[in-house]
Amino acid sequence: MTTSMYDTALFYIHRSDWDQLLILMVRTEDQFLSKKIEHFLHAYHFEHDYQIIEAKLYALLRYLDHASEKTMSHYLHELPI
């Protein structure tokens, strides 16, 4: 998995481009990312309590931060010196 997938998800969230985020959810190989996107989009469309939507969004953003950090550190350790 590359960091570009996580950057793309962040870009779609920033632009509120839910259709593209849904397509990313289906195409990604990262099952955790797919589930986080699914939970957020479901909450966004069906929940009436804004706190639940906010919690799902923050969970998705925390995962994106964590995954991109781990991917980047893994990538940096494999670079030849």
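Here we summarise the structure given alongside this text. These numbers were taken from a predicted model, which means no experiment stands behind them.

## Some words on the overall build of the protein chain
Secondary structure assignment for the protein chain yields four helices and zero strands. Starting at the N terminus, the α and β elements of the protein chain follow one another as α-α-α-α. A total of 81 residues make up the protein chain; the buried ones form 30% of that total. Looking at the protein chain as shown, the accessible area adds up to about 6100 Å², and 56% of this sits on carbon and sulfur atoms.

## Here's the deal with unusual backbone geometry
The backbone of Ser 16 sits at a positive phi, close to 55°, despite the residue not being glycine. Relative to the helices and strands, Ser 16 resides in the loop between helix 1 (3–15) and helix 2 (18–27). For Ser 16, a relative accessible area of 43% puts it in the partly exposed group.

## Let's talk about the packing of aromatic side chains
Two measures describe an aromatic ring pair: the distance that separates the ring centres and the angle between the ring planes. Using the criterion set out here, one finds six aromatic pairs in the structure. Summarising the aromatic geometry, the rings of Trp 18 and Tyr 44 are spaced 5.0 Å apart at their centres and angled 55° between planes, so their arrangement reads as tilted. Of the two residues, Trp 18 sits in helix 2 while Tyr 44 sits in helix 3 (residues 31–46), which places them 26 residues apart along the sequence. Judged by relative accessible area, which is 15%, Trp 18 ranks as buried.

## Thoughts on the side chain of Ser 34
Among the structural elements, Ser 34 can be located in helix 3. Every residue in contact with Ser 34, bar those within four places of it in the chain, is listed here: Met 25 and Thr 28.

## Some points on the pattern of salt bridges
Throughout the structure, instances matching the rule amount to one salt bridge. The closest approach of N and O atoms between Lys 35 and Glu 38, which form a salt bridge, is 3.2 Å. One end of the pair is Lys 35 and the other is Glu 38, both in helix 3 and three residues apart, which spans about a single turn. According to the relative accessible area criterion, Lys 35 is partly exposed, its value standing at 45%.

Cut-off values and rules
Residues numbered from 1 in each chain as written. Predicted model: local features only at pLDDT ≥ 70, side-chain atom pairs only at ≥ 80, totals over all residues. Heavy atoms only, no water. Helix = DSSP H or I, 4+ residues; strand = E, 2+ residues; numbered from the N terminus. Buried < 20%, exposed > 50% of the residue type's maximum accessible area, 1.4 Å probe, protein only. Areas by Shrake-Rupley, 256 points an atom, 1.4 Å probe, with all protein chains shown as cover. Phe/Tyr/Trp six-rings, centres within 6.5 Å; stacked < 30°, edge-to-face > 60°. Contact = heavy atoms within 4.5 Å. Salt bridge = Lys/Arg side-chain N within 4 Å of Asp/Glu carboxyl O.

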